[in-house]
Amino acid sequence: MRKIFLVHCFTLLILTAQAQPLSYYLPEGVRYNAAIPTPAGIIHHEVGEWHITHDRLVNYMQAIANSAPDRVKIETMGYTYEQRPQVLLTITSKENHSRLEQIRQQHLQLSDPGKSANVDISKMPIVVYIGHSIHGNEPSGSNAALVTAYHLAAAEGSAIEELLSNTVILFDPSFNPDGLQRFSTWANQHKSKNLVTDPSSREFNEVWPGGRFNHYWFDLNRDWLPGVHPESRNRISVYHKWKPNILTDHHEQGSNASFFFQPGVPSRVNPLTPAKNIELTEKLGRYHAKQLDKIGSLYFTKENYDDFYYGKGSTFPDINGAVGILFEQASSRGHAQETSNGILRFPATIKNQFVTALSTLEGALALRTSFLSFQRDFYKQSTNATGGYVFGDKNDRAKTGLFIEMIMRHGIEVKEYNGPTEADFEKGAAYTVALNQPQQVLIKAIFDKQLTFTDSLFYDISSWTMPLAFGIPCKQISTLNAGNLLTEAPTLKGEVNGGKSEYAYLMEWDEFYAPKALYEMQQQGLITKVATNKTNIKTASGETKLFDYGSILIPVKMQSISSDALYLQLQMVAQKNGLTCYAMPSGSAVIGSDLGSSKFVSLKQPAVAMLVGTGVSALDAGEVWHLLDQRMNIPSSHLDAAAFNRADISKYNCIIMVSGNYGELNKDKLKTWVQSGGVLILEEEAVVWGSQNGIASVTVKKAKNPADSTARIAYVQREQIEGAQQMNGAIFSAEADLTHPLAYGYNQTTVSMFKGNKVFLEKSKNPYASPFQYGANPLQSGYISKENSVAIKNSAAVIVNALGAGRVINIADNPNMRGFWLGGTKLLMNALFFGNIIDAASARTEE
Ligand SMILES: [Zn+2]
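Residues numbered from 1 in each chain as written. Predicted model: local features only at pLDDT ≥ 70, side-chain atom pairs only at ≥ 80, totals over all residues. Heavy atoms only, no water.

Caption draft 1: A look at the nonpolar core. In terms of nonpolar packing, the biggest core is built from 232 residues, with Met657 and Phe772 touching the most fellow members. The greatest single-element share of this core, amounting to 9 residues, is contributed by helix 6 (residues 140-154). Residues within four places of Met657 in sequence aside, it is in contact with Leu611, Tyr662, Leu665, Leu670, Leu680, Ile681, Leu682, Glu683, Ala686 and Trp689. One finds Ala504, Leu506, Ala531 and Tyr582 within the second-largest nonpolar core, a separate group that totals 10 residues. (Core = buried A, V, L, I, M, F, W, Y, C linked by side-chain atoms within 4.5 Å. Buried < 20%, exposed > 50% of the residue type's maximum accessible area, 1.4 Å probe, protein only. Helix = DSSP H or I, 4+ residues; strand = E, 2+ residues; numbered from the N terminus. Contact = heavy atoms within 4.5 Å.)

Caption draft 2: Local environment of the sheet that holds strand 10 (residues 259-261). Ordered in space as 3-4-7-5-9-11-10, the 7 strands form an open sheet in which the pairing is mixed. The sheet terminates laterally at strand 3 (72-79) and strand 10, the two strands that pair on one side only. Within the sheet, the average angular offset between the axes of one strand and its neighbour, ignoring direction, is 20 degrees. Summarising the sheet, strand 4 (residues 85-91) and strand 7 (residues 167-172) pair through 3 bridges and their orientation is antiparallel. If you follow Ile91 over to strand 7, its bridge partner there is Ile169. Packing of helix 9 (residues 230-242) onto the sheet brings it into contact with strand 3, strand 4, strand 5 (126-132), strand 7 and strand 9 (246-253), and relative to strand 3 it is tilted by some 135 degrees. (Pairing = 2+ DSSP bridges. Axes fitted to C-alpha atoms, helices over the stretch in contact; angles between N-to-C directions.)

Caption draft 3: A look at the packing of helix 10 (residues 275-295) against helix 11 (residues 346-366). Following both chains from N to C, one finds helix 10 and helix 11 inclined at 140 degrees, their axes separated by 8 Å at the closest point. Classified by the angle between their axes, helix 10 and helix 11 sit oblique to one another. Considering how the two elements wind past one another, helix 10 and helix 11 form a crossing that is right-handed. Of the residues in helix 11, those in contact with Leu284, Tyr287, His288, Lys290, Gln291, Leu292 and Ile295 of helix 10 are Lys351, Asn352, Val355, Thr356, Ser359, Thr360, Glu362, Gly363, Ala364 and Ala366. (Parallel < 35°, antiparallel > 145°, perpendicular 65-115°, else oblique. Left-handed = near helix turned anticlockwise from the far one by under 90°.)

Caption draft 4: The arrangement of the environment of Arg268 in detail. Within the secondary structure, Arg268 sits in the loop between strand 10 and helix 10. Judged by relative accessible area, Arg268 falls into the buried class, the value being 9%. For Arg268 and Tyr305, which are 37 residues apart along the polypeptide, the C-alpha to C-alpha distance reads 8.7 Å. Excluding residues within four positions of it along the chain, Arg268 makes contact with Asn304, Asp306, Asp307, Phe308, Asp455, Leu457, Phe458 and Tyr459.

Caption draft 5: How the structure looks around the coordination of the zinc ion. Binding of the zinc ion to the protein goes through His135 (ND1), Glu138 (OE), Glu138 (OE) and His251 (ND1), at separations of 2.0 to 2.6 Å. Here the zinc ion is ringed by 4 donor atoms whose angles at the metal span 54 to 155 degrees, and the overall shape comes out irregular. Look at where the donors of the zinc ion fall in the sequence and you get H-x2-E-x112-H. With a gap of 113 residues between them, Glu138 in the loop between strand 5 and helix 6 and His251 in strand 9 connect regions that are remote in the sequence. With a relative accessible area of 6%, Glu138 lands in the buried category. (Donors = N, O, S within 2.8 Å, 3.2 Å for Na, K, Ca; no water. Tetrahedral: all angles 85-135°; square planar, octahedral: opposite > 155°, others 65-115°.)

Caption draft 6: Looking closely at helix 14 (residues 440-447). Counting buried positions over the 8 residues of helix 14 gives 7, a clear majority of the element. Buried-residue contacts for helix 14 involve helix 12 (368-380), strand 14 (388-391), helix 13 (397-408), strand 16 (431-434), helix 15 (466-470) and strand 17 (474-477).

Caption draft 7: Representation of the pairing of strand 28 (residues 608-611) in the model. Every second residue of strand 28 is oriented toward a common face, with Val608 and Met610 on one face and Ala609 and Leu611 on the other, all of them buried. As paired elements, strand 28 and strand 29 (residues 636-639) share 4 bridges and run parallel to each other. Bridged to Val608 within strand 29 is Ser636. Handedness of the β-α-β unit built from strand 28, helix 18 (residues 618-631) and strand 29 comes out right-handed. Alignment of strand 28 against strand 30 (residues 654-657), held across 3 bridges, turns out to be parallel. Residue pairing across strands places Ala609 opposite Ile655, the latter belonging to strand 30. (Right-handed = clockwise from strand over helix to strand, strands pointing away.)

Caption draft 8: Representation of the side chain of Asn137 in the model. In this fold, Asn137 is placed in the loop between strand 5 and helix 6. Dropping the residues within four chain positions of it, Asn137 is found in contact with Phe183, Glu206, Gly211, Arg212, Glu252 and Arg333.

Caption draft 9: Fine view of the sheet that holds strand 23 (residues 544-547). If you trace the 3 strands from one edge of the open sheet to the other, you get 23-22-26, paired in antiparallel fashion. Looking along the sheet, the strands with just one partner apiece sit at the ends: strand 23 and strand 26 (589-592). The mean inter-strand angle of the sheet, taken between neighbouring strand axes irrespective of direction, is 20 degrees. One ladder, built from 3 bridges, connects strand 22 (residues 535-538) with strand 26; its direction is antiparallel.

Caption draft 10: Highlighting unusual backbone geometry. Of note, the bond from Trp208 into Pro209 is cis; its omega dihedral lies within 30 degrees of zero at 0 degrees. Mapped onto the elements, Pro209 comes out in the loop between strand 8 (194-195) and helix 9. With omega at 20 degrees, the peptide bond leading from Gln262 into Pro263 counts as cis. Looking at the secondary structure, you find Pro263 in the loop between strand 10 and helix 10. One non-glycine residue, Asn304, lies in the positive phi region at around 65 degrees. One can find Asn304 in the loop between helix 10 and strand 11 (323-330).

Caption draft 11: Molecular detail of the pattern of salt bridges. In this structure the tally under the stated criterion is 27 salt bridges. Its salt-bridge partner being Lys399, residue Asp396 comes within 3.9 Å of it at the nearest N-O pair. Neither residue differs from the other here; Asp396 and Lys399 are each classed as buried. For Asp564, the salt bridge is made with Lys500, and the minimal N-O distance between the two is 2.5 Å. With a gap of 64 residues between them, Asp564 in helix 17 (residues 563-577) and Lys500 in the loop between strand 19 (495-497) and strand 20 (504-507) connect regions that are remote in the sequence. On the basis of relative accessible area, Asp564 is assigned to the partly exposed category, the value being 45%. You can call Lys500 partly exposed: its relative accessible area is 36%. Three or more residues are tied together by salt bridges with common partners; here these are Glu138, Arg212, Asp219, Arg222, Asp460 and Arg818. (Salt bridge = Lys/Arg side-chain N within 4 Å of Asp/Glu carboxyl O.)

Caption draft 12: Highlighting the packing of helix 6 against helix 11. Two elements in contact, helix 6 and helix 11, have axes separated by 8 Å at closest approach and are oriented at 50 degrees. Relative to helix 11, helix 6 is oriented oblique. Crossing of helix 6 over helix 11 shows right-handed handedness. Contact with helix 6, carried on its side by Ser140, Gly141, Asn143, Ala144, Val147, Thr148, His151 and Leu152, involves Phe346, Thr349, Ile350, Gln353, Phe354, Ala357, Leu358 and Leu361 of helix 11 and no other residues of that element. Partitioned by chemical class, the residues of the contact of helix 6 with helix 11 number 9 nonpolar, 7 polar and no charged. (Nonpolar A, V, L, I, M, F, W, Y, C, P; charged D, E, K, R; others polar.)

Caption draft 13: View of the confidence of the model for the protein chain. Across the protein chain, the average pLDDT comes to 95, with 98% of residues at or above 70. Within the model, the stretch residues 1-12 combines pLDDT values under 50 with 7 contacts to residues more than four positions away or in other chains. (pLDDT = per-residue confidence, 0-100.)

Caption draft 14: Just the packing of aromatic side chains, in detail. A full pass over the atoms with the stated rule returns 43 aromatic pairs. Among the aromatic side chains, those forming a connected cluster through ring pairs are Phe308, Tyr309, Tyr310, Phe453, Phe458, Trp464 and Tyr783. The ring of Tyr513 carries Lys516 above its face, with NZ or CZ at 5.1 Å from the centroid. (Phe/Tyr/Trp six-rings, centres within 6.5 Å; stacked < 30°, edge-to-face > 60°. Lys NZ or Arg CZ within 6 Å of the ring centre and 35° of its normal.)

Caption draft 15: Quick look at helix 13. Taking 1.5 Å per residue, 12 residues should reach 16 Å; helix 13 reaches 16 Å between its end C-alpha atoms and fits that length. In terms of burial, helix 13 is largely enclosed, as 9 of its 12 residues are buried. Looking only at helix 13, the buried set comprises Ala398, Lys399, Thr400, Gly401, Leu402, Phe403, Ile404, Met406 and Ile407. Of the surrounding secondary structure, the elements contacted by the buried residues of helix 13 are strand 14, strand 16, helix 14, helix 15 and helix 18. (Expected span 1.5 Å × (residues − 1).)

This is how it looks when you write it as structure tokens:
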């Protein structure tokens, strides 16, 4: 405090950028091996003097591994989107390194209830995974990794030897390399020699989208369970290879806060997490408290943060027999910043992270056998269960495959379904997951719905039931008719059924990658049409087959290429995308529309732009970008408001606006573009913006709030009362009109939507214009307050407006949530490909 007082005495807040020496961080009385390079020797500056870039961080980790080969081994887990290596150090004693594979195998037996009883834990090392800065603009973690790695490699004496003999440390210096690189570049390029501490200065205010996210603007700290991104997949494979006992997750919070360590809010722990987990978290917490007390750092526990959603780094271990620990350090963001606690300097934030990494190891060593036996007990509980789940979408094998990949990544056994054919399930297209397997608790966390809660506040979403998210039929059953165990997700073979046609081909729209295939055909210049009616027609292989709404017609003679060349192209597209094109010998339908009917409507290739930039939700925009680019191979232009305002936008026929604030946008230009035939897709709060600016014709319902009252409510109750009215995210079933172009490719009238907003829409007065709507009781899983539940009841999830020659498609919810809500993908794809064929009279709104 004395230092802060002195600074305030000088009216000129000038701090020279003098670096803290390494000794500032290190504990007193420890001897260090002079043969190990200090960070400054490799990265060319002191720790905390500049923000570490990912490249230099990797250089130092490599240098440590080279100079301390007895203690430290380095490996590359994989690469990020931007091809940065995700490096992992394994740090333990020389003796342990010499039998590391044996240690790992023995450790894994603790999570195998068939073998764990005979494992002697009295001498086994504990496995601790230390991870840093999954949010790239929360840099103290990764910067502290330099000091921690140095300490673990270079410290000498009996204390470190005892630690390393009894611990295997998996050391991950950067959970999010691309984000760290982006942020460090920002912070460094704005640093002044005389440190500027004014929070308004550019150093502390990154440009959109900021370094928090990965390349596609996703929050990797929500991706541990769904594993959409390579960063998570690489890390999770190491995680399950070792199944650590403790995992630390070093973050930053607001600059005016102090330091947080878990346990979090007790009433908000996921009920699947055992009480013993919290008990161990608390015991470990005493070691953090002791060390932070020693250096005079303030801290708090049991407030603000929780352990509910298993996709977060500190919660994911809790469903895997381990204990995840969240650390949140107040952020200096740049190099030194004025806060309500005085000037917060970057080195001080790094020091707290270093100290708690060491206190974690100190606690792990002291509580070693408690953690090991907790892991064994956690998996023992999974032996007593019968039955399980049958799932699979027979019309969408690709999406079923993506679901299987996701669950198998977590060591869950999947078998073929051998049971009787039912409405939803049939042999060859359905799969089973038995509850009687070690990952039982994780399986429940993936498959089950959540409808009862002890608290009404959530740090994150309240539900993520994966079969609903993927939109895959799934049923819990007591007796499983299981067949062969899968070793990998089934690979799909695509083909042109019936050989070459001289007349036409049809492709069904149900498969996940059908839009990707269609876009590719359009890219090759093929003429394509969509079926707005059902047709029952004889294929070239002789069967009479029903082609549903949304089937794609590729006529032969209309194309500018020969029938041979077309056949070759379609074979390639079908094989690449694992789907079937059917050759048609004739255009004559058995029942329904002939192929020359006007019910087959010509399609235009989507030319897509998305509005991005300041005020727009980077997460929502990133989800669209990732879906289009990674999954569908559809390019999209990303326009800031300023670029939109000056660009020729007539080259786009689809514009997407996700949740955000679009104050700077030229709305008249946008409106004129729609009126001349454009398709505008509005998601979530963008629908409200559209309605306020005369572009969308929707009525937004306001949910009641218990605080809208003159009766006095105790001041201290505000957080709980307001918090309970938040829509952090739950799952609702919309009823779909399967004949509407926006519902093509769906086979069930019930479609699960994820709602994490308070955009409640009155149904359109036009009876054809609300193709997805909520019924009287739409909640499928998750928390919703009584007031919000009244608002969503009988509201519309999607409304289509005609505006001149164009269409405005209002989607109240997020169809792409976190890149794993694959049940919403078809809706967005339909809006892109079929938005402009929606009949004007079915979208016109009477004012
Ligand atoms: Zn964070």
